[in-house]
Amino acid sequence: MSLRAAVAEWRALPLSVVRFRRRAGRVARSIGDDFTLLSVTRADELGHLIELARGRRFVVELGTGTAWTTVSLALADSGRRVVSFDPTVWDTRERYLELAGSARERI
């Protein structure tokens, strides 16, 4: 990740989400998950989604992929429940959901 991308991420996202994305990025690189590294929601877009979801207790996501956005939406608000649907089962999804900590219970 470039310095410019890292700064944009820190500005756009809550600290808990930045921490998750850093850990998830390390996991993705260690297991060679290029799909996720290329398809993950950009920090500025994710920041916009988190802003749109502000104050919402329930959020539905369609097209979960490997769940980085799902986890981020749950981490951004400790009172939010996130329901997520994807017709494809991604082998790596569970690895990233494990990084959600206690937020996993609300996904």
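Quick caveat, the model's predicted, so the values are computed rather than measured. (Residues numbered from 1 in each chain as written. Predicted model: local features only at pLDDT ≥ 70, side-chain atom pairs only at ≥ 80, totals over all residues. Heavy atoms only, no water.)

## Quick notes on the overall build of the chain
Keep this limit in mind: Secondary structure elements are defined from DSSP: runs of H or I of at least 4 residues count as helices, runs of E of at least 2 residues count as strands, and each element is numbered from the N terminus. Throughout, the radius of gyration refers to the C-alpha atoms, and the reference size of a globule is 2.2 Å times the residue count to the power 0.38. Here the term buried applies to any residue with accessible area under 20% of the maximum for its type, exposed to any over 50%, and partly exposed to those in between, with areas from a 1.4 Å probe on protein chains only. In this analysis, two residues are considered to be in contact whenever any of their non-hydrogen atoms come within 4.5 Å of each other. In short, Shrake-Rupley with a 1.4 Å probe defines the accessible areas, and a residue's cover is counted only from the protein chains shown.
In terms of helices and strands, the chain carries six helices and two strands. Computed over the C-alpha atoms, the radius of gyration of the chain is 13 Å, within 12% of the 13 Å expected from 2.2 N^0.38 for a compact globule of 107 residues. Each of the three principal axes of the chain carries a C-alpha extent, and together these read 35 × 30 × 20 Å. Here the chain holds 107 residues, and 39% of them are scored as buried. Taking contacts inside the chain between residues at least 6 apart in sequence as the whole, the part at least 24 apart equals 62%. Approximately 6,500 Å² of the chain is accessible, and the part contributed by carbon and sulfur atoms is 55%.

## Looking at the nonpolar core
Let me state the cut-off plainly: Residues enter a nonpolar core if they are buried and are Ala, Val, Leu, Ile, Met, Phe, Trp, Tyr or Cys, with the set joined through side-chain atoms within 4.5 Å.
Membership of the largest hydrophobic core comes to 22 residues, with the highest contact counts inside it found for Leu-13, Ile-50, Trp-68, Leu-73 and Tyr-96. Of all elements in the fold, only α2 (15-31), α4 (43-53), α5 (68-75) and α6 (93-97) reach the threshold of two or more residues within this core. The dominant element in this core, judged by the number of residues it contributes, is α2, at six residues. When neighbours within four sequence positions are excluded, Leu-73 is seen to be in contact with Leu-49, Ile-50, Ala-53, Val-59, Arg-80 and Val-82.

## Remarks on α2
Going by this rule: Each helix should span, by expectation, one fewer than its residue count multiplied by 1.5 Å.
With 17 residues, α2 extends 25 Å from end C-alpha to end C-alpha; this agrees with the ideal 24 Å at 1.5 Å per step. All of the buried residues in α2 are Val-17, Val-18, Phe-20, Arg-21, Ala-24, Gly-25, Val-27 and Ala-28. Just downstream of α2 lies Gly-32, where phi reads positive at about 70°.

## Focus on a nonpolar patch on the surface
How we decide: Surface patches are defined over residues having more than 30% relative accessible area and no salt bridge, joining like charges when they lie within 9 Å and nonpolar side chains (Val, Leu, Ile, Met, Phe, Trp, Tyr) when within 5 Å. Each salt bridge in this description consists of a side-chain nitrogen of Lys or Arg and a carboxyl oxygen of Asp or Glu lying within 4 Å of one another.
There is a patch of nonpolar side chains on the surface, built from Val-60, Leu-62, Val-83 and Phe-85 and spanning about 420 Å² of accessible area. When contributions to the nonpolar patch are tallied by element, the ones reaching two or more residues are β1 (58-62) and β2 (81-85). You can see Val-83 is positioned in strand β2. A relative accessible area of 38% places Val-83 in the partly exposed class.

## A few points about the confidence of the model for the chain
One rule of thumb: low pLDDT means the predicted coordinates there are not for detailed reading. Note the cut-off: Values of pLDDT, ranging from 0 to 100, describe the predictor's confidence in every residue of the model.
Put simply, the chain has an average pLDDT of 92, and 93% of its residues get 70 or more. Summarising per-element confidence for the chain, the mean pLDDT is lowest in helix α1 (residues 3-12) (69) and highest in α5 (98).

## Regarding the environment of Val-59
Along the chain, Val-59 falls in strand β1. It is 19 Å that separates the C-alpha atoms of Val-59 and Ala-12, two residues lying 47 residues apart in sequence. Apart from residues no more than four positions distant in its own chain, Val-59 is found in contact with Ala-53, Leu-73, Arg-80, Arg-81, Val-82 and Val-83.

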